[in-house]
Amino acid sequence: MSRNIIFLILAVVLVFPVAAYVYQFGLGFWKESSEWASLGGYIGGIYAPILTLLTLSVLCVQIYLQVIQHRQNLVSIQEAQLTEYLNELNFELDKNVSDGITLRTFFINILNTKNIDAIDEMDLSEVFELNQNYHKLFSMWCGAMACLKYIKTCSNLKSLESTHYAIQKNKVIAYMGPQICSSLDKYNYAMLLAVKELTGQSSSDNIEYEFWIDRSQS
């Protein structure tokens, strides 16, 4: 609804009661105080609930706008945090595992071509050893995906529908590369699977992965 239409409706609501009174009873400088009292009672009885309703409406709109602004600020914070995670992840992935092989290449080689069945059959002790040597990767990738998930949730709200999620997901792919994103999702799954075997915690099968959607495929 445009601003002009809202102003027109407000003008009609505020002017109509007075116009109706004037049309019915006329308007003048009456001699009898009772006539003035009748006008005052009429105006008070009509406009008090109208103004109360308008005041509540304005307060509701202000609260609604504040909630939207607050959520937008939180999304901006998550976007900035996501960028920090990606920068740190890239720094870690560029470290050398052995001569001429970076951690990025190592991850792609051991995980990128695997599907869920192949990962289930892996020696999970190797995954733990990898996490011991490069402990930042799992926690930072989880943090990055938590940021992306929050942005996705906010972007799908009716009052906040936006392209933030699509933009940020494309940014992750641009920063990291599609192969390493898929490999890190699979690494996350392997880590949770290893934790499940050791501790007996609930399965990680219900987790939604952003870059490894079809787990039957490599």
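Residues numbered from 1 in each chain as written. Predicted model: local features only at pLDDT ≥ 70, side-chain atom pairs only at ≥ 80, totals over all residues. Heavy atoms only, no water.

Novice: So, the overall build of the protein chain: which residues are in play, and what are the values?
Specialist: What the protein chain contains, in helices and strands, is eight helices and two strands. Element order for the protein chain, N to C, with α for helix and β for strand: α-α-β-β-α-α-α-α-α-α. Per-residue burial for the protein chain yields a buried fraction of 33% across its 218 residues. For the protein chain, the proportion of contacts with a sequence separation of at least 24, taken over those separated by at least 6, is 72%. (Helix = DSSP H or I, 4+ residues; strand = E, 2+ residues; numbered from the N terminus. Buried < 20%, exposed > 50% of the residue type's maximum accessible area, 1.4 Å probe, protein only. Contact = heavy atoms within 4.5 Å.)

Novice: Outline helix H5 (residues 124-133), listing residues and values.
Specialist: Residues of H5 that are buried include every one of Leu124, Val127, Leu130 and Asn131, and no others. When H5 is viewed along its axis, its buried side chains cluster within an angular range of 110° and face the same direction. Away from its buried face, by an angle of more than 90 degrees, H5 presents the exposed residues Glu129, Gln132 and Asn133. If you follow the buried residues of H5, they end up packed against helix H3 (103-111), helix H4 (116-120), helix H6 (135-156) and helix H8 (178-199). (Arc of directions from axis to C-beta.)

Novice: Can you explain the pattern of salt bridges? Please cite residues and give values.
Specialist: By the definition in use, this model includes five salt bridges. The partner of Glu88 in a salt bridge is Lys136, and the shortest N-O contact between them spans 3.4 Å. Note that Glu88 is positioned in helix H2 (residues 33-93) and Lys136 in helix H6, a separation of 48 residues in sequence. Owing to a relative accessible area of 26%, Glu88 belongs among the partly exposed residues under this scheme. (Salt bridge = Lys/Arg side-chain N within 4 Å of Asp/Glu carboxyl O.)

Novice: Provide a residue-level description of the nonpolar core, including the pertinent values.
Specialist: Formed by 41 residues in total, the largest nonpolar core has its most connected members in Leu93, Phe107, Leu137, Trp141, Val172, Met176 and Tyr187. Counting only elements with at least two residues in this core, the list comes to H2, H3, H4, H5, H6, helix H7 (164-176) and H8. In terms of residue count, the dominant contributor to this core is H6 (10 residues). Apart from residues lying up to four places away in sequence, Tyr187 is in contact with Phe107, Leu111, Val127, Leu130, Asn131, Leu137 and Phe138. (Core = buried A, V, L, I, M, F, W, Y, C linked by side-chain atoms within 4.5 Å.)

Novice: Talk me through a nonpolar patch on the surface; I want residue IDs and the actual numbers.
Specialist: On the surface, Ile5, Ile9, Val13, Leu14, Val15 and Leu51 cluster together to form a nonpolar patch covering roughly 460 Å² of accessible area. In terms of residue count, helix H1 (residues 3-25) provides more of the nonpolar patch than any other element does, five residues in total. Within the secondary structure, Val13 sits in helix H1. (Patch = residues over 30% accessible without salt bridge, like charges linked within 9 Å, V, L, I, M, F, W, Y side chains within 5 Å. Areas by Shrake-Rupley, 256 points an atom, 1.4 Å probe, with all protein chains shown as cover.)

Novice: Mind laying out the packing of H6 against H8, listing which residues take part and the relevant values?
Specialist: Their axes nearest at 10 Å, the elements H6 and H8 cross at an angle of 110°. By the angle class used here, H6 and H8 are roughly perpendicular. Helix-helix and strand crossings are classified by hand; for H6 and H8 the assignment is left-handed. In this structure, H6 contributes Leu137, Phe138, Trp141, Cys142 and Met145 to the contact, and H8 contributes Cys181, Leu184, Asp185, Tyr187, Asn188, Met191 and Leu192. (Axes fitted to C-alpha atoms, helices over the stretch in contact; angles between N-to-C directions. Parallel < 35°, antiparallel > 145°, perpendicular 65-115°, else oblique. Left-handed = near helix turned anticlockwise from the far one by under 90°.)

Novice: Explain a negative patch on the surface residue by residue, including any values.
Specialist: On the surface, a cluster of negative charge is made up of Asp117, Asp120, Glu121 and Glu197. Relative to the helices and strands, Asp117 resides in helix H4. (Lys, Arg positive; Asp, Glu negative; His and termini not counted. Charge placed at Lys NZ, Arg CZ, Asp CG, Glu CD.)

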